[in-house]
Structure formats: structure tokens, C-alpha cells
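A look at the structure
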Amino acid sequence: METKNYHEDLSHIRSMMERSSRFISLSGLSGVVAGLAALIGAVYVYLVLEREGINYFEGNRNFFAPALVRELTLIGVVILVVAILSGYIFTAHKSKKKGLKIWDATTKRLLTTFAVPLVTGGFFCLALLSSHLFVWIAPVTLIFYGLALVSAERYTLPDIKYLGYCEIILGLLALFFLGWGLVFWAVGFGVLHIVYGLIMHKKYK
């Protein structure tokens, strides 16, 4: 009996340490919503290009007018906001359900670690945008986002690094297929997020 209690105490202590050192309230459903938003955004971008007389799948190098660039950038920002809001809403709900704080020292460390490669990649993309090097933006966003996920693994669910590795590999592949960024972007931010979100929801619900 004493041995059983000893093991139970160790398990409880291990669980408490895990909770204090990792942000474990990330919701898989937020990944699904973010993925759906990315897919909808990709389809919308394709329709916008068609409206402008650009057949994306012809693979031609096209000149994008400043107004079109601004519209596409706005679409990207809207998708990002939807992803962030869904992540916060689902994660806050899960934290409340588990009786955990959503904002603590671990969360701060997670966001800091996640933000460094993400913000660096963001400025890199702004430089590409200002230089009209649009064809490089999709690979760069996938690579830096993947790096951010791998970096954040220390402070959240370890499974997230696998999503990060997939994003990095997809971004590197996209470098060899310039002009097909929208497809890689849809797969990376859309399909992978949905698959990852469903797996995490089933595993940690």
C-alpha cells in the first residue's frame, strides 16, 4: 500500500511540475478554425486573381498592381486576426474548464520564444514585399512559422514541434517551386493546421 501511495505521490508531483513548466491548455479546435480560415482565404485570393484576369495555375510571372498587393495583404491580415482570436477563445475556454490560468510566467515565456522567429520572419516578409519579391513570401512565412513552433515546444505540448517540422519542410520545398506559393500556403496553414488540430483535440480533449 505504501509503495502504491509513493508512486501516486510521484505521479502527482510530476503532473504539477508539468503544469507549472508548460502551457498545456492549447486547444486543438483553434488549429482547425485557423486551418479553415487559411483555406477560405486561399480560395478567396484565387478568386481575386481571377477577377484581375490572372490565371494562377498557368504559372506565369505576373505583375501585381499596388492596389492588388494591398488587397492581398489585407486578406492575409484578416486571416491572421481570425486565427489569433480563435486560438485565444478556444484556449481560454479550455483553461477555464481545467481551472488553469491562461496568463502566467509560462505563457509569457511561450509567447516570447514564439515571437522572436515569427517577428523576424515578419520583417523579412515586409522587406520582400517592399522590393516586390512576392514569389518568396510564401516559402519564407512557412519556414519562419515552423521555426517559431519548434522553438515554442519547450513551453507547451511537445507535439507542436512535429507541426513545426512539417511547416519548415514544406517551406523549403516551396523554394524550389516558386510561383506555386498559394498552394503551399494553403497546405501549410490550412490542411496541416486542420489535421494537427483534429489530432490534438482527440488526444488532449
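Here is a short report on the structure shown in this document. (Residues numbered from 1 in each chain as written. Predicted model: local features only at pLDDT ≥ 70, side-chain atom pairs only at ≥ 80, totals over all residues. Heavy atoms only, no water.)

**Regarding unusual backbone geometry**
Phi at histidine 132 takes a positive value of approximately 60°, unusual for a residue other than glycine. Its location among the elements puts histidine 132 in the loop between helix H4 (105–130) and helix H5 (137–152). (Helix = DSSP H or I, 4+ residues; strand = E, 2+ residues; numbered from the N terminus.)

**Description of the packing of aromatic side chains**
Inspection of every chain in the model, using the stated rule, returns six aromatic pairs. Taken together, a centroid distance of 6.3 Å and an interplanar angle of 85° make the contact between phenylalanine 114 and tyrosine 145 edge-to-face. Here phenylalanine 114 is found in helix H4, whereas its partner tyrosine 145 is found in helix H5, with 31 residues between them in sequence. Given a relative accessible area of 14%, tyrosine 145 falls into the buried group. Ring geometry for tyrosine 162 against tyrosine 165: centres 6.4 Å apart, planes inclined by 75°, an arrangement best described as edge-to-face. Of this pair, tyrosine 162 and tyrosine 165 are both found in helix H6 (residues 160–174), three residues apart, which corresponds to roughly one turn of the helix. Chaining the aromatic ring pairs together yields one cluster made of Phe114, Tyr145, Trp185 and Phe189. (Phe/Tyr/Trp six-rings, centres within 6.5 Å; stacked < 30°, edge-to-face > 60°. Buried < 20%, exposed > 50% of the residue type's maximum accessible area, 1.4 Å probe, protein only.)

**Examining H6**
For H6, spanning 15 residues, the distance from its first C-alpha to its last is 21 Å, which sits close to the expected 21 Å at 1.5 Å a residue. Restricting attention to buried positions, one finds in H6 the residues Ile160, Lys161, Leu163, Gly164, Glu167, Ile168, Leu170, Gly171 and Ala174. (Expected span 1.5 Å × (residues − 1).)

**Side note on the pattern of salt bridges**
Throughout the structure, instances matching the rule amount to three salt bridges. Put simply, arginine 51 and glutamate 52 hold a salt bridge, and the shortest N to O gap is 2.9 Å. Note on glutamate 52: relative accessible area 41%, which makes it partly exposed. Notably, a salt bridge pairs lysine 161 with glutamate 153, separated by 3.8 Å at the nearest N-O pair. For lysine 161, a relative accessible area of 18% translates into the label buried. A residue is classified by how much of its surface remains accessible, and glutamate 153, at 16% relative accessible area, is buried. If you follow the salt bridges from partner to partner, you end up with Arg51, Glu52 and Glu71 in one network. (Salt bridge = Lys/Arg side-chain N within 4 Å of Asp/Glu carboxyl O.)

**Some details on the nonpolar core**
Ranked by internal contacts, the top residues of the largest apolar core, which has 27 residues, are Val45, Leu49, Leu68, Leu72, Ile75, Trp185 and Phe189. Listed by contribution, the elements that provide at least two residues to this core are helix H2 (28–51), helix H3 (66–98), H5, H6 and helix H7 (181–204). Counting residues per element, this core draws most heavily on H7, which supplies seven residues. Those residues in contact with phenylalanine 189 that sit more than four places away from it in its chain are Ala34, Gly35, Ala38, Thr141, Leu142, Tyr145 and Glu167. (Core = buried A, V, L, I, M, F, W, Y, C linked by side-chain atoms within 4.5 Å. Contact = heavy atoms within 4.5 Å.)

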